[in-house]
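Listed below, chain by chain, are the residues.
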Amino acid sequence: MKISSGLTKAINDQIAMEANASNNYLAMACWCQINGYEESGNFFFTQSAEERTHMMKFVTFLSGQGVKPVIPSTKQPSQSFKSLESICKTALKNEQAVTKSIQKIAELALKQKDFATRNFIQWFVDEQIEEEQKFETILQKFDLLGRDKLAIYEINKLLGSSASSTEE
Ligand code: FEO
C-alpha cells in the first residue's frame, strides 16, 4: 500500500519538527555549558542527538516507502535563556507540541487504514510519554528542592545523571 499524500505531508512536517527540536536542544546545551551547568549541557547534547535520530527514523521510513523525504531548513533557535528552569519549561512545552503532532499522524494513519504507518508511529507514541515525563520530573525538583544556588546545582547534577539513561 502506498503512503497517502496527506500522511507524507504530516511526516515531512514531523521531520522538520524533529530537526528544529535537535537544534533547540543544541542551543540549550551550549547555554548550560557556558553558564557553568556542564552536566545539564551534557544532558541537552544527548537530547539533541536523540532528536536527530528521531528525524532519521522518519526520513528512512519515507524513503523505505519509495517516497523522497523533504530535508528541511531549520529556524534559528533562541540562544538566550533566563534560567535552567525556564529551559526545562520550554523543553516540556516543545515536547507536548511534538506529542500532539505524533498523535495526529497516528490518528490519520488509523483513519486511512494505513497500518504500516500506524505501527511505525507507535514507537514515537511511547517515546513521547517518556520525553514528557523526563521534563515533568525535573521541573518537580525545582518545587521540591527550591531555587537557591545549591538546589539548582543539585538539579543540574540530576539532569547530568539522567543523560546516560536517555540515549536512543
Ligand atoms: Fe523527537 Fe523529543 O521528540
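About the criteria used
Numbers given to residues run from 1 along each chain, matching the order in which its sequence is written. Local features in this predicted model are restricted to residues of pLDDT 70 or higher, and side-chain atom pairs are both shown and tallied only at a pLDDT of 80 or more, whereas totals for entire chains, interfaces and linings draw on every residue. Remark: hydrogens and water are excluded; side-chain values derive from all non-hydrogen atoms of the structure. To qualify as a helix, a DSSP run of H or I must reach at least 4 residues; to qualify as a strand, a run of E must reach at least 2; elements of each kind are numbered from the N terminus. Note on contacts: a residue pair is in contact if any heavy atoms of the two residues lie within 4.5 Å. Salt bridge criterion: a side-chain nitrogen from Lys or Arg within 4 Å of a carboxyl oxygen from Asp or Glu. The classification of residues rests on relative accessible area computed with a 1.4 Å probe and restricted to protein chains. Under 20% of the type maximum is buried, over 50% is exposed, and intermediate values are partly exposed. For the purposes of these results, a polar contact is taken to be a pair of N or O atoms within 3.5 Å, where, inside protein, one atom must be able to donate a hydrogen and its partner to accept one; residues adjacent in sequence count only when each atom of the pair is a side-chain atom.

Peer 1: Give me the environment of T8: which residues, what numbers.
Peer 2: Tracing the chain through its elements places T8 in helix α1 (residues 5-34). Taking the C-alpha atoms as reference points, T8 and I105, 97 residues apart in sequence, are found 9.6 Å from one another. The contacts of T8, once residues within four sequence positions are left out, are I3, L62 and V67.

Peer 1: Summarise the pattern of salt bridges; cite the residues concerned and give the values.
Peer 2: The final tally for this structure, using the stated rule, is 7 salt bridges. Across the pair K89 and E85 runs a salt bridge whose closest N-O atoms are separated by 3.9 Å. Pair noted here: K89 and E85 are both in helix α3 (residues 84-111), with a separation of 4 residues, about one helical turn. The exposure class assigned to E85 is buried, which follows from its relative accessible area of 14%. The closest approach of N and O atoms between E154 and K157, which form a salt bridge, is 3.6 Å. One end of the pair is E154 and the other is K157, both in helix α5 (residues 149-163) and 3 residues apart, which spans about a single turn. A relative accessible area of 34% places E154 in the partly exposed class. Sharing partners across several salt bridges, the network here consists of E85, K89, D143 and R147.

Peer 1: So what's going on with the side chain of N12? Which residues, and what values?
Peer 2: If you trace the backbone, N12 turns up in helix α1. For N12, a relative accessible area of 12% puts it in the buried group. Among the polar contacts listed, one links the side chain of N12 to the backbone nitrogen of V70, at a separation of 2.8 Å. With residues up to four places along the chain from it excluded, the contact list for N12 reads L62, P69 and V70.

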